[in-house]
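Spelled out, the chains give:
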Amino acid sequence: MRRIFLPAIFALLALPRGALSQSSNQDSTIAELQRQLEEMRSQMAKMQNRITELEEAKGSAAVTKPSPDSILPQSQIRSAQAVRSQRDEAKSPEDATSFQYKGITLTPGGFLESTILVRTRNENADMANSYTTIPLNGSSNANLSEFRGTVRNSELSLMIQGSLGSTNLKGYVETDFLGAAPTANYLESSSWTPRLRQMWVQFDRPSGWTITLGQMWSLLTTNRQGIANLTELRPGGEDGNYVVGFTWTREKAVRVTRNFHDKAWAALAVEDPESTYSAAFVPSNVMGLNTSANAASGVNLLPFLANYSNGQATTLAPDLLAKIAFEPGWGHFEIKALGRFFRDRIASIATTKGHTNVTEGYGVGFGTLMPFVNKKLEVSLEGLLGQGIGRYGSSGLPDVTLDPVTGALRPLRQAWIMGGVIYHRTSRLDLYAYGGDEYIGRYAFVSPTGTAAGYGSSLVDYTSCTNEVALNACNGANRNIYEGTVGYWYRLYGGEHGRIEQGNQILYMHRNLWSGIGGAPRGGDIVAYSTLRFYLP
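How each quantity is defined
Residues numbered from 1 in each chain as written. Predicted model: local features only at pLDDT ≥ 70, side-chain atom pairs only at ≥ 80, totals over all residues. Heavy atoms only, no water. 1 Å grid on protein atoms, 1.4 Å probe; cavity = no way out; pocket = protein on both sides within 12 Å on 5 of 7 lines; lining within 4 Å. Points joined across faces, edges and corners; volume = space filled by probe spheres on them. Helix = DSSP H or I, 4+ residues; strand = E, 2+ residues; numbered from the N terminus. Nonpolar A, V, L, I, M, F, W, Y, C, P; charged D, E, K, R; others polar. Core = buried A, V, L, I, M, F, W, Y, C linked by side-chain atoms within 4.5 Å. Buried < 20%, exposed > 50% of the residue type's maximum accessible area, 1.4 Å probe, protein only. Contact = heavy atoms within 4.5 Å. pLDDT = per-residue confidence, 0-100. Disulfide = S-S within 2.5 Å. Phe/Tyr/Trp six-rings, centres within 6.5 Å; stacked < 30°, edge-to-face > 60°. Lys NZ or Arg CZ within 6 Å of the ring centre and 35° of its normal. Patch = residues over 30% accessible without salt bridge, like charges linked within 9 Å, V, L, I, M, F, W, Y side chains within 5 Å. Areas by Shrake-Rupley, 256 points an atom, 1.4 Å probe, with all protein chains shown as cover. Salt bridge = Lys/Arg side-chain N within 4 Å of Asp/Glu carboxyl O. Polar contact = N/O pair within 3.5 Å; in protein donor to acceptor, adjacent residues only side chain to side chain. Lys, Arg positive; Asp, Glu negative; His and termini not counted.

This next bit is on empty space enclosed by the protein. Under the criterion given, the structure shown has two cavities of 30 Å³ or more. Estimated volume of the second largest cavity: approximately 50 Å³. The wall of the second largest cavity is formed by 11 residues, among which S275, T314, T315, F341 and F342 lie closest to the centre. A per-element tally of the lining of the second largest cavity places strand β12 (residues 332–346) first, with four residues. Looking at the lining of the second largest cavity residue by residue, the class counts come to four nonpolar, three polar and four charged.

Okay, structure coming up:
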């Protein structure tokens, strides 16, 4: 409108004064009109100058407005693009504090945390619940509660970024304090040691290829966006062991990812293997397990790194993983696949030649994140099924059992699922709820002596598990474990000095055993958390 009318007005004002005087015979009227026109010229000139000033200021702001840094100070640092839909980062008004050093960018991150937790049944645990050892009903631990305070879940991280020609380079390290030195205890000093969570390097090409090497979240862990490190879709609660049904490990790996125009992604990975077993009967001459004779010092074939690893078997080959993800314009969807190898050996004896056993495991799964109500509501769902996949579930169920005759490691059938809902109630308040279930199938044998063997045998005798004394030693094979949890996070402060959030969470978890003689005991536990977090600026 201004561009149409201003020239016309100025043209009118530019008319010769004599032309106006010819149209009127009253000198006083002409003088008044000339005075008014002069005043209009002055006002219009002021308006034009003000408009020019505003346009120049707008252009300057558009040029000088800083772009957001791609690294943000959260419990897990992610790219800014992925962070826009994440609870923590979506409401962060400030960027991370970065430092320049010899051409690279250093960005610290993480949070400091103080947590109080109460369990209705004693687990003698810290932040992480022990799902597979939930106290059985009637046992001594089922009659004892547990109160604990801890700061060990605090996380510190450092992102290192640079470039080599057109290749973007990244290095990342992340640690918490859930490690435990031999002298660490709650008695006097609580001197818990730092624990390595992640440490990797990454090469990112503009063609869409990315190579990552180091310790990181498993490729099977669902992402929020694409297939990128630091975009993992982690449950938003306070439990150090996350939620039953959550698929994850953090292991050494080599990963190759291809990005197809930010619409589809494909990735392959080889990840460091490990396995756990559970068996009611173990042949005396089985080698390759942490309880077998070749675990002793002086034997060449070691099942694990002495004093450093709780591994259960000698490893043959890496776990093989593949995943594709696609985002058709609404939501994020994934399909996953896993291949595994297990090995042990029946050692030679005086009358029988030994042999090595090799078996395989596999898994297929899915993951999805779906936004609703203008992204105020996020619904996630994921699952995995297969055999020999226990190490990838939060519950820590075993991967394999043992054939009592051949000694072969037999993969156990397993399946789990987890769903979650996050409601961004306000810019300060997030409400969440999760539920999950993990199931493991029977693989029963009869030992050469006629006793229970394998996993989940119906020959296991529970008839004596009727009083507290017997229940303290009573145990059997887990059948399934499930959990339901609700909680919230409320941001008390957010600004240039960091962010402070307070959260409460309550959960119920339940453990069922495979039935045997006399039925099977079961157990459940209620846990409540209250946490205050300070996110670094």
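For the rest of this paragraph, the subject is the nonpolar core. Core analysis: the largest hydrophobic core is formed by 16 residues, its most contacted members being Y455, I481, M509 and Y529. At the level of elements, β22 (498–513) and β23 (522–535) are the ones that each hand at least two residues to this core. Y529 has contacts with T115, I116, L117, R119, M127, N129, E238, D239, G503, N504, Q505 and L507, leaving out every residue within four places of it along the chain. Residues L220, W265, A267 and L384 belong to the second largest nonpolar core, which totals 13 residues.

So, about the confidence of the model for the chain. Residues with a pLDDT of 70 or more make up 82% of the chain, whose mean pLDDT is 85. pLDDT under 50 marks residues 1–6. Its contacts with residues more than four places away, or in other chains, come to six contacts. Scored below 50 in pLDDT, residues 8–13 makes four contacts in the model with residues more than four places away or belonging to other chains.

Under the definition given, this model contains one disulfide. The disulfide partner of C465 is C474, and the S-S distance across this bridge is 1.9 Å. Judged by the sign of its S-S torsion, about 95 degrees, the bond between C465 and C474 is right-handed. Classification of C465 by relative accessible area gives buried; the value is 15%. Under the relative-accessibility criterion, C474 is labelled buried at 10%.

Inspection of every chain in the model, using the stated rule, returns 14 aromatic pairs. Judged by centre distance (5.4 Å) and plane angle (35 degrees), the ring pair of Y172 and W200 falls under tilted. Placement of Y172 in strand β5 (residues 167–179) and of W200 in strand β6 (residues 193–204) is noted, with a sequence separation of 28 residues between them. W200 matches Y172 in its accessibility class, with the two residues each being buried. Ring centres of W217 and Y242 lie 5.8 Å apart, and the angle between their planes is 65 degrees; this geometry places the pair in the edge-to-face category. Pair noted here: W217 is in strand β7 (residues 209–217) and Y242 is in the loop between β7 and β8 (250–260), with a separation of 25 residues, a long-range link. Through a chain of ring-to-ring contacts, three or more aromatic side chains come together here, namely W217, Y242, F246 and W248. The aromatic ring of F111 is capped on one face by R533, whose charged end is 4.2 Å from the ring centroid.

To continue, consider a nonpolar patch on the surface. A contiguous nonpolar patch, built from V201, F203, W209, I211, L213, V254, V256, V270 and L320 and spanning about 680 Å² of accessible area, is present on the exposed surface. Of all the secondary structure elements, the ones that give two or more residues to the nonpolar patch are β6, β7 and β8. Along the chain, the position of V256 falls in strand β8.

The next point concerns the side chain of Q202. Along the chain, Q202 turns up in strand β6. Of note is the side chain of Q202, whose polar atom sits 3.1 Å from the side chain of N229. With sequence-adjacent residues up to four places away left out, Q202 is seen in contact with N168, L169, K170, T210, I211, T212 and N229.

Moving on, we come to unusual backbone geometry. Positive phi outside glycine occurs at V373, with the angle close to 50 degrees. Its location among the elements puts V373 in the loop between β13 (355–372) and β14 (377–387). The residue N374 is not glycine, and still its phi comes out positive at about 55 degrees. Among the structural elements, N374 can be located in the loop between β13 and β14.

This part takes up the pattern of salt bridges. Applying the stated rule across the entire model yields 19 salt bridges. Here D319 and R340 are joined by a salt bridge, their closest N and O atoms 3.2 Å apart. Highlighted residues: D319 in strand β11 (residues 319–326) and R340 in strand β12, separated in sequence by 21 residues. The residues D319 and R340 share a single accessibility class, namely buried. Among the salt bridges present, the one from K323 reaches E334, with a minimum N-O distance of 3.2 Å. Residue K323 is located in strand β11, and its partner E334 is located in strand β12; the two are separated by 11 residues in the primary sequence. When sorted by exposure, K323 lands in the same class as E334, which is buried. Overlapping salt bridges bring together E155, E174, D176, R195, R197 and R234 as one network.

The subject of this paragraph is the side chain of E483. Along the polypeptide, E483 turns up in strand β21 (residues 478–495). Here E483 is buried and forms no salt bridge, its nearest opposite-charge partner R119 lying at an N-O distance of 10 Å. At a separation of 3.3 Å, a polar atom in the side chain of E483 contacts the side chain of Y131. Looking at E483, its side chain comes within polar contact range of the main-chain nitrogen of V244, at 3.0 Å. The contact partners of E483, leaving out residues within four places of it in the chain, are Y131, Y242, V243, V244, Y434, G435, G436, L507, Y508 and M509.

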